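Read off the chains here:
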Amino acid sequence: KVSDLDLKVVYSNMMQVAHTQEEFVIDFMNITPPVGVLATRVIVSPGHIKRIIGALTDNLKKYE
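So, how was this worked out
- Residues numbered from 1 in each chain as written.
- Predicted model: local features only at pLDDT ≥ 70, side-chain atom pairs only at ≥ 80, totals over all residues.
- Heavy atoms only, no water.
- Pairing = 2+ DSSP bridges.
- Helix = DSSP H or I, 4+ residues; strand = E, 2+ residues; numbered from the N terminus.
- Salt bridge = Lys/Arg side-chain N within 4 Å of Asp/Glu carboxyl O.
- Buried < 20%, exposed > 50% of the residue type's maximum accessible area, 1.4 Å probe, protein only.
- Contact = heavy atoms within 4.5 Å.

S.K.: Report on the pairing of strand β3 (residues 35–44), specifying residues and quantitative values.
M.R.: Where strand β2 (residues 24–32) lies against β3, nine bridges are found, and the strand directions are antiparallel. Its bridge partner being in β3, Asp27 is matched across the sheet by Arg41. Linking β2 back to β3 in an antiparallel pair, the connection comprises two residues.

Here it is as structure tokens:
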């Protein structure tokens, strides 16, 4: 359960992914020319990124 005070919602219109052997780093950015701002960074394990990809793929199929 998350309270309204703790819930932080950000808008992102661009993302960038990098990885090491142990983790994936996903940067969500808000690009509004002429500048961009890093909105949030999420760091996850390789196993978790596979589950994220599966969930996104499933949801995209349902959307389409």
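S.K.: Describe the pattern of salt bridges, naming the residues involved and giving the relevant values.
M.R.: For the structure shown, the criterion picks out two salt bridges. Asp27 is the partner of Arg41 in a salt bridge, and the nearest nitrogen-oxygen pair spans 2.5 Å. Highlighted residues: Arg41 in strand β3 and Asp27 in strand β2, separated in sequence by 14 residues. Using a relative accessible area of 9% as the deciding quantity, one classes Asp27 as buried. Of the charged contacts, one joins Asp58 and Lys62 as a salt bridge, the two residues approaching to 3.1 Å between their closest N and O atoms. Of this pair, Asp58 and Lys62 both sit in helix α1 (residues 46–63), four residues apart, which is roughly one turn of that helix.

S.K.: Can you tell me about the environment of Pro46, naming the residues and giving the values?
M.R.: If you trace the backbone, Pro46 turns up in helix α1. Under the relative-accessibility criterion, Pro46 is labelled partly exposed at 32%. Pro46 has contacts with Gln21, Glu22, Glu23 and Phe24, leaving out every residue within four places of it along the chain.

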